[in-house]
Amino acid sequence: MIDAFTGALHDGFGYVAISYCLAAIGLNIQFGYSGLLNFGQAAFLAIGGYIMGAAIATSGIPTIPAMLIAILFAVALALILGVPTLRLRADYLAIVTIAAAEILRLVFGTSFREYFRGKDGVTGFADGFRGLNPLPEYDGFFLTYSRNELWTIIVGWIVVILICVLVWALMRSPWGRVLRGIREDEDAVRSLGKNVYGYKMQALVLGGVIGCIGGFIGAFGAASVQADTFNLDFTFIALTMLILGGAARVLGPVVGAILFWAVLSFLGSILSDLSANPTVAQFMNADQASNVRLMLVGLVLMLLMIYRPQGIFGDRKEIALDAR
Amino acid sequence: MSPSSRRAPQGARRRGPAVTLLLLLATSLFAVLALSGTAQAADGDRTVVGTLRNSADDNAPVPGVTVDVETSDGGQYTAESNEEGRFEVAVPASDTGTLTVSLDTDTLPDGVDLREGAPDTLRPTGSLSTVTANFALGPDDRQVSTKWDQVPQLLYNGLLFGIVLSLGALGLSMVFGTTGLTNFAHGELVTFGAVMTYMGNRVFGLPIMVSVLLAVVLSAGFGWLNDKGLWAPLRRRGTGLIAMMIVSIGLQFLLRNLYQYFTGGRALTYREYVTPAGQDAFGLFTYTTRDVVIILVSLLTLIAVTLALQFTRLGRATRAVSDNPALAASTGINVNRVITTVWIFGAALAGLGGAFLGFSQSVTYQLGAQVLLLIFAATCVGGLGSIWGAMLGSIIIGLFVETSTLLIPSELKYAGAMILLIIVLLFRPQGLLGRAQRIG
Amino acid sequence: MPADTSPTPATGATSMSASTPSSPATGSTGTTRSVADQGRADLQGLATEPGVKKKDPIVVATDVRRTFGGLTAVDVEHVEIQRGVITALIGPNGAGKTTFFNLLTGFDQPDSGSWTFNGTSLKGKSAYKVARLGMVRTFQLTKVLSKLTVLENMRMGATGQRGERFWAGALPFLWKSQEQEITARARELLGRFKLDAKESDFAGSLSGGQRKLLEMARALMVGPELVMLDEPMAGVNPALKQSLLGHVKSLREEGMSVLFVEHDMDMVRDISDWVIVMAQGKVIAEGPPRSIMTDQRVIDAYLGAHHDTDISELEHVVTAEHQQPKEETA
């Protein structure tokens, strides 16, 4: 049982959780505050990891400029997706973003192998980042994290905090008010002289860039990127976290990400312990235990959306999603 | 019209939503699949098959050659090729690791040699219950066909794929048309059809035709359960369309992992018609009787559905509901009954599509998830909510996916379909056959 | 039911419009005649012909046509809207009034035609630009921002907010003082519209009539010259109707022009200075309210809508004795 708890803490605050958390913060700006259905958030993280990774590993560009290049790519992707779709009905953005995410995943996984290394993915780009690690050398684990992991998650959580402060400041400003207005009724906002299209575009770009930064953290944590990480499920899991923690709340995605990974890890430990029991193993082996865990993810998303669309801590009156 | 503004008519809040029934749905599916799970363990061998032919001798079969298979846990199995050059080595399914298949070159008859540079040991990947291992014998005399020689074959393949795809697209489009729901779990209805066909065929040993028929009937029931257990109660609560879309994402997750729970990561194959012999059509392309049957059955089904929509009472009611649910309700059409019917038929069509896809792509837990985006692409290209659009879009996507391999690597062929989708949405957002929407 | 008894604060108005530089009300103090009086005088003695030229039009539309599929929703040859007065746009259901509204305000684009606001061509201008020019509309189905408070709804109306720019948004010191001014103006308007007690409630919790009031008050935050109200009385209870009428009239007294779509003929009679009648997408009659109500073409248009009569026939054959069944257009 102790292992299950420490495992839960480890995963709840680990770099994967941070990466997903930033993806969910981006989705929160787009979906939670502005009502934009970006189902291709994975593409922005893929760009973060792949473009930065390839720039460093293949082209020998230093870490910081490589990150800036990746952010430029993310901005470009947001513009390419937004220009044609943001004037159309809400679901077009959803379909086009899904399609774009799949295209990018396939391209990263199979093409430009000299940069993206096909199925193997990009590696060998994390040295610069790890070289900045000021932590004293230690063997083994501190707080269950290795030295490099700890460095990544310290940086990661600082980034999360800074971005949360930014989101908080923006969302209480008139700018954020316009976004929330657009979520409620874009025609009303338009009739008041606001350039709705421009605001949507800003939200899409900002959310995409935050997702891209999440891609950096994930890539540094694992010291590699693989295209298949960034499949459709990635975005859906980030969406689940957002709804779990509460959409249109600054800390919603953060709470959601920590809780999601902690509970998932905890469940994983419990279920795999169970599956080690020979009686249980007849019904559920280790692989099946992992399936049961993910089935629960789906079930939780459904139940949340049906019964608590405001998230587990949210206030029903303030729910951003009109779900009833 | 914003997606959330369009809601199905609300009724009294009779039942708490969904979830009890959903659990019922899950447990019933569990029960059905559990049966298959246990039976499958008893049934399960993996078979390594291959045919040895000598290209030096007009592809004559090479009998009497020993083939050894070593499993990852060190088990040794062996077999000898028969008069048709075919060998079959059965290994226990319990070992899912990589197999090492080696050809004993000493047993090759005189004058028959392994092709220069060709390996005598293969490690076939894939987790199919039937694993194919092909050794090349004799000199390499394959004719290198030019790209454009493949065009007829690709068109035929694309047409076949498109027609099967349209079975899935039709259901998605009909559900969208009548309820406004973008159902991300529609792919799981496709997988359901394939898994049920597999179960009937492999577990209960029914003939493949019967299995497909049974799968379609079960799919129809599954569609009914989907609607009665989940979507109808949500409509009664007045759940918004975006919320319902997210619920469907959750359902997709749930079902896909449920399938994987039982099938594992393996790619399962039906017992019959897995690799039928190809026949030559005018020297242009190869076809198989199986695929011709698939095309005919699909076409007949599609024609039947369109005729039914055109000429039956229920069909006309369905189109009326697609047009304007509120108006349809006010003219005395029972909207909820129409929607339930659409779910039943939509799921049956998707199940049939899944059963057919199971032949060519083998049955995996993610069969439906893989084609879901193509189905979306097909319905959007053709025009969401339009019956003809769904069919036309599917054929276009099918043809496009196959023929695009002339120009782009085949790993990217699905990406090509996605690009086509984006281009169509850019220039004709309502799709090829969709109606432009009136604003205000 | 004289509208004069409505609780209209006759004065308080000027301070509000004075703070919006684009409003012509500021000029009204210097001249001998108010804009409203001038506007009404301009309408005197005009021919009651469809498309008649006004002396000082704020909106001029020519050959505006919009079709949906094969159906012509709007086909307006020429229409002008006089500055400084209340103009009513009436017509049977499906006459194309709301579509015409949408076209004028940039919410829909016509197939052809040209239209100007204060002499500026609005062709191809998007809705938000039209609003910024001073032509602000409300909607037939009220569009309040439900999950924003009443006060936030009001603040949203103010134009030229520094804090609405992305980079400035994150830096409160850049917009705090302006936000205070906006809030003060919003509170004043809310007080006038008797919504001040509700300012921190979610707009979604308001009643239908209160939403109409909020929407109108919010439109005033933009500082419009022309206020376009799409069925302001629809779904409003009788008690609130009088106060709404008063508010509409006070807009005129402040120097704004008003164009409204309405089915409630009492309201049209009570407050409008000029009436434009549309049927089947065309302007079929114009004139002062008293004469328009007795205009045979108008009566026929309304009856025709119920009797399936072809409107183009009615235009020429005023005393149509036999009614020809027209083709199904829908």
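Quick look at the structure, then. (Residues numbered from 1 in each chain as written. Chains lettered and ligands numbered in written order. Predicted model: local features only at pLDDT ≥ 70, side-chain atom pairs only at ≥ 80, totals over all residues. Heavy atoms only, no water.)

### A short note on helix α3 (residues 41-57) of chain A
Heads up, the rule is: Per the convention used, a helix needs a DSSP run of H or I reaching at least four residues, while a strand needs a run of E reaching at least two, with both numbered from the N terminus. To estimate how far a helix should reach, multiply one less than its number of residues by 1.5 Å. Exposure classes here rest on a 1.4 Å probe applied to the protein chains alone. A residue is buried below 20% of its type maximum, exposed above 50%, and partly exposed in between.
Compared with an ideal rise of 1.5 Å per residue, which puts 17 residues at 24 Å, α3(A) spans 24 Å between its outermost C-alpha atoms and is within 8% of the ideal. Among the 17 residues that make up α3(A), 16 are buried, leaving the element largely enclosed by the rest of the structure.

### Points about the interface of chain C and chain A
What counts is decided by this rule: For this analysis, residues touch if any pair of their heavy atoms sits within 4.5 Å. In short, buried area is how much 1.4 Å probe accessible area vanishes from two parts on joining, totalled over both. A side-chain nitrogen of Lys or Arg and a carboxyl oxygen of Asp or Glu constitute a salt bridge if their distance falls within 4 Å.
Tallying the contact residues gives 34 residues for chain C and 29 residues for chain A. The contact between chain C and chain A buries some 2,700 Å² in all, and 63% of this surface belongs to carbon and sulfur atoms. It is Lys147(C), Met156(C) and Phe166(C) that lose the most area in chain C upon contact with chain A, and together they represent 25% of the buried surface on that side. Applying the counting criterion to the chain C and chain A interface returns four salt bridges. In this structure, the salt-bridge partner of Lys143(C) is Asp185(A), at a minimum N-O distance of 3.4 Å.

### Describing unusual backbone geometry
Residues and elements named next belong to chain C. One non-glycine residue, Lys-194, lies in the positive phi region at around 60 degrees. Mapped onto the elements of the fold, Lys-194 is located in the loop between α8 (176-192) and α9 (208-221). For Lys-194, a relative accessible area of 65% gives the class exposed. Despite not being glycine, Gln-280 shows a phi value in the positive range, around 45 degrees. Along the chain, Gln-280 turns up in the loop between β9 (274-279) and β10 (282-287). Judged by its relative accessible area of 38%, Gln-280 falls in the partly exposed class.

### Here's the deal with the packing of helix α3 (residues 186-203) of chain B against helix α5 (residues 241-263) of chain B
Residue and element names in this part refer to chain B. This is how it is decided: For every element, the axis is a line fit to its C-alpha atoms; helices are fit only across the contacting stretch, and the angle between N-to-C directions ranges from 0 to 180 degrees. Note that the term roughly parallel is reserved for angles under 35 degrees, roughly antiparallel for angles over 145, roughly perpendicular for angles of 65 to 115, and oblique for everything else. It is the rotation of the near helix from the far one that decides the hand of a crossing: anticlockwise by less than a right angle makes it left-handed, clockwise makes it right-handed. Ten residue types, Ala, Val, Leu, Ile, Met, Phe, Trp, Tyr, Cys and Pro, are classed as nonpolar, four, Asp, Glu, Lys and Arg, as charged, and the remainder, Gly among them, as polar.
At their nearest, the axes of α3 and α5 sit 9 Å apart, and the two run at 20 degrees to each other. Taken as axis vectors, α3 and α5 run roughly parallel relative to one another. The handedness of the crossing between α3 and α5 comes out as left-handed. Listed contacts from α5 to Glu-188, Thr-191 and Phe-192 of α3 are Gln-252, Leu-255, Arg-256 and Tyr-259. Partitioning the contact of α3 with α5 into residue classes produces three nonpolar, two polar and two charged.

### Regarding the nonpolar core
Across soluble globular proteins, nonpolar side chains show a tendency to be buried alongside one another. The line we're drawing: Definition of nonpolar core: a set of buried residues of the types Ala, Val, Leu, Ile, Met, Phe, Trp, Tyr and Cys, connected through side-chain atoms within 4.5 Å.
If you look at the biggest cluster of nonpolar residues, it comprises 227 residues, and the most contacted ones within it are Ile25(A), Phe39(A), Met52(A) and Ile397(B). Of the residues forming this core, the biggest block, 16 residues, is contributed by helix α11 (residues 196-222) of chain A. Residue contacts for Phe39(A): discarding those within four places in its chain leaves Ala94(A), Thr97(A), Ile98(A), Leu232(A), Thr235(A), Phe236(A), Leu239(A), Phe184(B), Met245(B) and Ile249(B). One finds Ala217(C), Leu229(C), Val236(C) and Phe260(C) within the second-largest nonpolar core, a separate group that totals 44 residues.

### Examining the packing of aromatic side chains
We count it as follows: Two rings from Phe, Tyr or Trp (for Trp, the six-membered ring) form a pair when their centres sit within 6.5 Å of each other. Planes less than 30 degrees apart are called stacked, planes more than 60 degrees apart edge-to-face, and all others tilted. Here, over-ring charges are defined by two tests on the NZ atom of lysine or the CZ atom of arginine: distance to the ring centre within 6 Å, and angle to the ring normal within 35 degrees.
Following the criterion strictly, the structure yields 26 aromatic pairs over all chains and no others. With 6.5 Å between their ring centres and 45 degrees between their planes, Phe87(B) and Phe135(B) make a pair best called tilted. With a gap of 48 residues between them, Phe87(B) in strand β6 (residues 86-92) and Phe135(B) in the loop between β9 (130-132) and α2 (151-179) connect regions that are remote in the sequence. The pair Phe87(B) / Phe135(B) is uniform in exposure class, with both members buried. Note on Tyr261(B) and Phe262(B): the rings are 4.8 Å apart at their centroids and 75 degrees apart in plane angle, and the pair reads as edge-to-face. Neither residue differs from the other here; Tyr261(B) and Phe262(B) are each classed as buried. Three or more aromatic residues joined by ring pairs make a cluster, and in this case those are Tyr20(A), Phe230(A), Phe234(A), Phe260(A) and Trp261(A). The lysine or arginine in question, Arg172(A), covers the ring of Trp168(A), its NZ or CZ lying 4.7 Å from the ring centre. Stacked on the ring of Phe107(C), the Lys or Arg Arg137(C) has its end atom at 5.0 Å from the ring centre.

### Quick notes on the sheet that holds strand β6 (residues 135-137) of chain C
All names here are of chain C. Quick reminder of the rule: In short, DSSP must find at least two bridges between two strands for them to pair.
Taken in spatial order, the six strands line up as β6-β7-β8-β3-β9-β10 in an open sheet, and their pairing is mixed. Every other strand in the sheet has two partners, leaving β6 and β10 as the edge strands with one partner each. Mean inter-strand twist for the sheet, computed between neighbouring axes without regard to direction, equals 20 degrees. In terms of strand pairing, strand β3 (residues 86-90) meets β9 through four bridges, oriented parallel. Looking across to β9, one finds that Ile-90 is bridged to Val-277.

### Notes on the pattern of salt bridges
Following the criterion strictly, the structure yields 35 salt bridges over all chains and no others. Across the pair Arg105(A) and Asp228(A) runs a salt bridge, and its minimum N-O distance is 3.0 Å. With Arg105(A) in helix α5 (residues 90-110) and Asp228(A) in the loop between β2 (224-225) and α12 (232-245), the pair connects residues that are 123 residues apart, well separated along the chain. In the salt-bridge network here, residues are joined through shared partners; they are Asp37(C), Arg40(C), Arg252(C), Glu253(C) and Asp273(C).

### Observations concerning the interface of chain B and chain A
Note the cut-off: A 3.5 Å cut-off defines polar contacts: any pair of N or O atoms within that distance qualifies, except that in protein one atom must be a possible hydrogen donor and the other a possible acceptor, and neighbouring residues in sequence count only when both atoms are side-chain atoms.
Taken together, the contact pairs 50 residues of chain B with 45 residues of chain A. Taken together, both faces of the contact between chain B and chain A bury some 4,300 Å²; the carbon and sulfur share is 74%. Counting the surface chain B buries against chain A, the share from its top three residues, Ile246(B), Phe253(B) and Tyr261(B), is 17%. At the surface where chain B touches chain A, the tally comes to two salt bridges. Between Asp233(A) and Arg256(B) there is a salt bridge whose closest N-O contact spans 2.7 Å. Run the count over chain B and chain A and you get eight residue pairs in polar contact (both at pLDDT 80 or more). Residue assignment for the side of chain B that touches chain A shows that the elements contributing at least two residues are α1 (19-43), α4 (208-237), α5, α10 (367-382) and α12 (413-427) of chain B. Among the elements that make up the side of chain B that touches chain A, the one with the highest residue count is α5(B) (16 residues). Taken together, the residues of the side of chain B that touches chain A break down into 35 nonpolar, ten polar and five charged.

### Quick look at a nonpolar patch on the surface
Applicable threshold: For patches, a residue must show more than 30% relative accessible area and have no salt bridge; joins then use 9 Å for like charges and 5 Å for nonpolar side chains, namely Val, Leu, Ile, Met, Phe, Trp and Tyr. Working definition of accessibility: Shrake-Rupley area with a 1.4 Å probe, residue cover restricted to the visible protein chains.
A grouping of Leu251(A), Val255(A), Ile312(A) and Phe313(A) is seen on the molecular surface, where their side chains present a nonpolar patch of about 360 Å² in accessible area. The residue Phe313(A) is located in the segment after α15 (286-307) in this model.

### Observations regarding the environment of Asn183(B)
Residue and element names in this part refer to chain B. Mapped onto the elements, Asn-183 comes out in the loop between α2 and α3. Sequence separation between Asn-183 and Leu-372 is 189 residues; the distance between their C-alpha atoms is 9.7 Å. Leave out the neighbours within four places in its chain, and Asn-183 touches Leu-172, Trp-231, Ser-248, Trp-343, Leu-372 and Phe-376. There is a polar contact of 2.9 Å between the side chain of Asn-183 and the backbone nitrogen of Ala-185.

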